[in-house]
Amino acid sequence: MSALRVPLVGPSAAFSQRAGEGGRLRPGGVFKPGPARRIVQALGRGGVAPGVIEGFHRMSMRGEGGAMLRMGKLRAAAGLAAALAALGTARADVKMPAIFGDHMVLQRDLKLNVWGWAEPGEDVTVKFHGQEKAAKAGDDGKWKVVLDPVGAGGPFEMVVSGKNSITFNDVLVGEVWICSGQSNMQWSLANSFDGDLEIAAAKNPNIRLISVPQVGTQEPQNDFKGEWKVCSPEAVAPFSGVGYFFGKQLQETLGVPVGLINDAWGGSACEAWVPREKLAADARYADLLASWKEREDGYEAAKKAYEDAKETAKAEGKPGPRPNEDPAAQMRGNYRPGNIFNGVLLPTIGYGIKGVIWYQGESNAGRAYQYRDLFPLMIQTWRELWGQGDFSFYWVQLADFMAEKPEPGDSAWAELREAQTQTMKRLPNTGEAVIIDIGEVKDIHPKNKADVGKRLARWALARDYGVSVPYQSPTYKAMEKHDGKVVLTFDHVAGGFRPFDVPELSGFAIAGADKKFVWAKAKVVGPDKVEVWSDEVPQPEAVRYAWADNPVCNLYSAAGLPATPFRTDDWPGVTEKNTR
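Since we're looking at a predicted model, the values are computed, not measured.

Caption draft 1: Examining the sheet that holds strand β25 (residues 566–567) more closely. Read across the open sheet, the 4 strands follow the order β20-β19-β23-β25; overall the sheet is antiparallel. Lying at the two open borders of the sheet, with one neighbouring strand each, are β20 (518–519) and β25.

See below:
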C-alpha cells in the first residue's frame, strides 16, 4: 500500500503541474526543486510552508477576466483546502518502504526487521503468522519491530496497523538473496543464451523477484520505486539472467520459496557501492576521493562548457558531446563514490537475507591492486550495516575477454581476478565462481548466464544448505622446484584433474630470475599435482596459469570446474600504482 495521493483538479491541478518549475541541479548532482515543488513537498510531510496561500493566490491571478479570476481563486482555495486536509491525513498514515509488499519472500529461520514510518509517537502493530509485535514511532516518524524466526512456507498475510491498516497478501517465507554488481549481473534473461526457452517455462510461483531502480546520489535514500512479482514469463524476461538461473537452481533443489532482489547497475565501479565516509576514513583512497573532489569543485564550469559545446555543435551542424560526457550525468552516475550505496543499496539494508551474489570488477580492472582492499571493505561494510553477521557473499571472477595474446605478458584483468581470489582468504563465508572458460573475445557480456548462475548456486548449495556437490574450482596451494621443473600442488581438485578438449595442458607460463615468461609444457603427475617446465628456462623461479585478458587454458577438475587463474610470484603488476 502506498501513501495516499490526492488528485487535484482545476487550478489546483495547474499548481501541481507547475511545481517543478524553477528547479535546478546542484553541483552534487541532486535536483534542487523550485519553490512551488518545495511547497508540495512540505505539504506531503504534513507542514504548511509560510506564504503558501498567498503564493497560490498570486498564481491564480494569471487567468483571464476578473470574474473568472475571482471564481478561479475560490475554486483554487477550496481545492487547496481539500488537498491540505487530505495531505494532513496522509501524514498520519502508517507507510511502508517498497521492499515490503504483496508477493514478497521473507528469509526463513531469521529474526526479521519490519520497519516504516508513521506520525511521531503513533503506536504501530505488526501481525504475521501468529505473532503480534508493537512499536512506537519516534520523533522522526520511524518505527521498527523484529519478528521471531519463521520456517519456510506460505502464503501468509502480514497486517501493519496504526491509525490506518496495511495488509500484505501472498507472503512466502524461504530464501532471500541479493543479486548485485554491474552489467553482467544486470544482463537480462531475455538477452541470455536460451533465454526464450527459459522465459517460456518461467511459471514457478515459488520464485519471487524485485528490482531496485538505478538512482545515483550523495543523498541517503530510504525507499525506492518497485514491487515484488511472482515468477512469470513477463516478470523474468527483464530480470537478471545470472540471478534467475541461480535462484531457479536453489528453488528446485531445496523445494522452498526463493526471493531475488536485483540491484545491479551496468558499468558501476566498486567505490560507488561503498559509503563515502568509509572511503574517507582510509588513507588508501585519498587520491581517489581527491580526483572526485576536483570534478565536484569544477562542476559549474564543466557544465557550462558542456552546454556551450552542445550549442556550438548544433549551430555548426556537427555532432555534439556525448550524453555520458555531461558533468551532471557523471555526478549522478555509477562511478562516483557512495552514489549507488545511497541511492540503490541503502533502502534495502536491514531486510532479512541469506546472502549476496555479486558480478563486478570490469570497471575496476585498471586499479586491480586497489581492489585488493576496496572489495573486502565493501563486503565488510555491507555486513556491518545489515547487522546479520558474516552472511554469505559469493562473486563471479572476471571471464576471459579481449584478444588472445601470442606470448605471455602482463594483464590488468588477470590482476583483478587475483584480487578477487585473494578476498576468499581475507573474509569468511565468501566464495568465487570461476568462469575463465565462458567469456567471449568480442563481447564483455558473455551470453552464457546459465552456467554462471549454476556455479554460484553450487557455492550456496554446498556451503549454506549442506548439499553434497563440488563447488570450488581447483586453487593453487604450493610449488616445489626439482631438476629444472616446478611441481604445483592444488586444493579443491574434486576427483583429480581433467584436461579439457585435448590431452595436453595449456595456459602455463614459466620464468627464471629475469622475470621473462615463456610458454611452458605441463602434465598431471598426481591427483592434485601438475608438473611444469620449459627447456628455455633451466632454473625456473615462477609459474603463471591463465594469466592474460583472454587466456587459452584447459585445466579442469574431474567435476568440470575450471582451475582458478594464478601466479606463484608477487612481482610488481601493471596496476600497482593506479589509484584514481
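Having seen the structure, we can now continue with the description.
Caption draft 2: Up close: the sheet that holds strand β16 (residues 475–482). Judged by pairing direction, the sheet is antiparallel, and its 4 strands sit side by side in the order β16-β17-β22-β21 without closing on themselves. The strands lining the two open edges of the sheet, one partner per strand, are β16 and β21 (521–526). In this sheet, adjacent strand axes meet at a mean angle of 25° when their direction is disregarded. Here 4 bridges tie strand β17 (residues 485–491) to strand β22 (residues 529–533), and the two strands are oriented antiparallel to one another. Within the sheet, the bridge partner assigned to Thr489 lies in β22 and is Lys529.

Caption draft 3: Region of interest: helix α14 (residues 368–386). With 19 residues, α14 should reach 27 Å at 1.5 Å per residue; the first-to-last C-alpha distance of 27 Å fits that figure. Most of α14 is tucked away: 14 of the 19 residues are buried. Phi for Gly387, located one or two positions after α14, is positive at around 70°.

Caption draft 4: Just the packing of α14 against helix α15 (residues 412–426), in detail. Two elements in contact, α14 and α15, have axes whose closest approach is 8 Å; the angle formed by their N-to-C orientations is 35°. Handedness of the crossing formed by α14 with α15: right-handed. Of the residues in α15, those touching α14 at Ala368, Tyr369, Tyr371, Arg372, Asp373, Phe375, Pro376 and Ile379 are Ala412, Glu415, Leu416, Glu418, Ala419, Gln420, Gln422, Thr423 and Arg426. Taken together, the residues of the contact of α14 with α15 sort by class into 9 nonpolar, 3 polar and 5 charged.

Caption draft 5: Just helix α10 (residues 286–297), in detail. Between its first and last C-alpha, α10 extends 16 Å over 12 residues, near the 16 Å set by a 1.5 Å rise per residue. Taken as a whole, α10 has its buried residues at Leu288, Leu289, Ser291, Trp292 and Glu296. When α10 is viewed along its axis, its buried side chains cluster within an angular range of 155° and face the same direction. Those residues of α10 hidden inside the fold are in contact with α9 (276–280), α11 (299–316), α12 (327–331) and α14.

Caption draft 6: Structural view of the packing of helix α8 (residues 241–254) against helix α16 (residues 449–465). Where α8 contacts α16, the axes come no closer than 8 Å and their chain directions differ by 45°. Our classification of the angle between α8 and α16 gives oblique. Crossing of α8 over α16 shows right-handed handedness. Between α8 and α16, the residues in contact are Gly241, Val242, Phe245, Phe246, Gln249, Leu250, Thr253 and Leu254 and Lys449, Ala450, Val452, Gly453, Lys454, Leu456, Ala457, Ala460, Leu461 and Tyr465, respectively. Looking at the contact of α8 with α16 residue by residue, the classes come out as 12 nonpolar, 4 polar and 2 charged.

Caption draft 7: Representation of the confidence of the model for the protein in the model. The predicted model of the protein averages 88 in pLDDT, with 84% of residues at 70 or higher. Every residue in residues 1–77 scores below 50 in pLDDT, and together they form 89 contacts with partners more than four places removed in sequence or on other chains. Residue range residues 80–90 is modelled with pLDDT below 50. Its contacts to residues more than four positions away, or to other chains, number 12 contacts.

Caption draft 8: Structural context of the pairing of strand β7 (residues 142–147). Covered by surrounding structure in β7 are Trp143, Val145 and Leu147 only, the residues Lys142, Lys144 and Val146 on the alternate face being uncovered. Two strands pair when backbone bridges link them, and strand β4 (residues 112–117) and β7 are joined in this way by 6 bridges, in the antiparallel orientation. In the sheet register, Leu112 faces β7, and the bridge partner there is Leu147.

Caption draft 9: Focus on the pairing of strand β9 (residues 165–181). Within β9, 13 of the 17 residues are buried, leaving the element largely enclosed by the surrounding structure. In sequence, strand β8 (residues 153–161) turns back onto β9 through a hairpin of 3 residues. Sheet topology places β9 next to strand β12 (residues 258–262); 5 bridges connect them, and they run parallel. Paired with Val176 across the strands is Gly259, a residue of β12. Sheet topology note: the β9/strand β13 (residues 355–359) ladder contains 5 bridges and is parallel. Bridge assignment links Ser180 to a residue of β13, and that residue is Trp358.

Caption draft 10: Quick look at the environment of Trp547. Considering the arrangement of structural elements, one finds Trp547 in the loop between β23 (542–545) and β24 (555–557). Exposure remark for Trp547: the relative accessible area of 9% places this residue in the buried category. Along the chain, Trp547 and Asp410 lie 137 residues apart, while their C-alpha atoms are 7.5 Å from each other. Setting aside its immediate chain neighbours within four residues, Trp547 contacts Gly409, Ser411, Ala414, Glu415, Glu418, Phe566 and Arg567.

Caption draft 11: Examining the packing of aromatic side chains more closely. Within this structure, the stated rule accounts for 27 aromatic pairs. Measuring from ring centre to ring centre gives 6.1 Å for Phe375 and Phe393, while their planes differ by 70°; the resulting arrangement is edge-to-face. Within this pair, whereas Phe375 is found in helix α14, its partner Phe393 is found in strand β14 (residues 392–396), the two being separated by 18 residues in sequence. Using a relative accessible area of 0% as the deciding quantity, one classes Phe375 as buried. Relative to Phe566, the ring of Phe490 has its centre 5.7 Å away and its plane inclined at 80°; by these criteria the two rings are edge-to-face. Placement of Phe490 in strand β17 and of Phe566 in strand β25 is noted, with a sequence separation of 76 residues between them. For Phe566, a relative accessible area of 7% translates into the label buried. Taken together, the ring pairs in this structure connect Trp273, Trp358, Tyr371, Phe375, Trp382, Phe393 and Trp395 into an aromatic cluster. Looking at Arg383, its charged tip hangs above the ring of Phe391, at a distance of 5.9 Å from the centre. Residue placement shows Arg498 over the ring face of Tyr556; its charged tip is 5.7 Å from the ring centre.

Caption draft 12: Here's a closer look at the side chain of Lys447. Inspection of the secondary structure puts Lys447 in the loop between β15 (430–433) and α16. Given a relative accessible area of 17%, Lys447 falls into the buried group. Apart from residues lying up to four places away in sequence, Lys447 is in contact with Trp187, Asn191, Ser192, Phe193 and Glu440.

Caption draft 13: Focus on the side chain of Gln107. When you line up the elements, Gln107 lands in strand β3 (residues 105–107). In this structure the side chain of Gln107 is engaged in a polar contact, spanning 3.1 Å, whose partner is the side chain of Glu175. Of note is the side chain of Gln107, whose polar atom sits 3.3 Å from the backbone nitrogen of Lys354. Setting aside its immediate chain neighbours within four residues, Gln107 contacts Leu112, Val173, Gly174, Glu175, Val176, Gly352, Ile353 and Lys354.

Scoring rules and cut-offs
Residues numbered from 1 in each chain as written. Predicted model: local features only at pLDDT ≥ 70, side-chain atom pairs only at ≥ 80, totals over all residues. Heavy atoms only, no water. Pairing = 2+ DSSP bridges. Helix = DSSP H or I, 4+ residues; strand = E, 2+ residues; numbered from the N terminus. Axes fitted to C-alpha atoms, helices over the stretch in contact; angles between N-to-C directions. Expected span 1.5 Å × (residues − 1). Buried < 20%, exposed > 50% of the residue type's maximum accessible area, 1.4 Å probe, protein only. Left-handed = near helix turned anticlockwise from the far one by under 90°. Contact = heavy atoms within 4.5 Å. Nonpolar A, V, L, I, M, F, W, Y, C, P; charged D, E, K, R; others polar. Arc of directions from axis to C-beta. Parallel < 35°, antiparallel > 145°, perpendicular 65-115°, else oblique. pLDDT = per-residue confidence, 0-100. Phe/Tyr/Trp six-rings, centres within 6.5 Å; stacked < 30°, edge-to-face > 60°. Lys NZ or Arg CZ within 6 Å of the ring centre and 35° of its normal. Polar contact = N/O pair within 3.5 Å; in protein donor to acceptor, adjacent residues only side chain to side chain.

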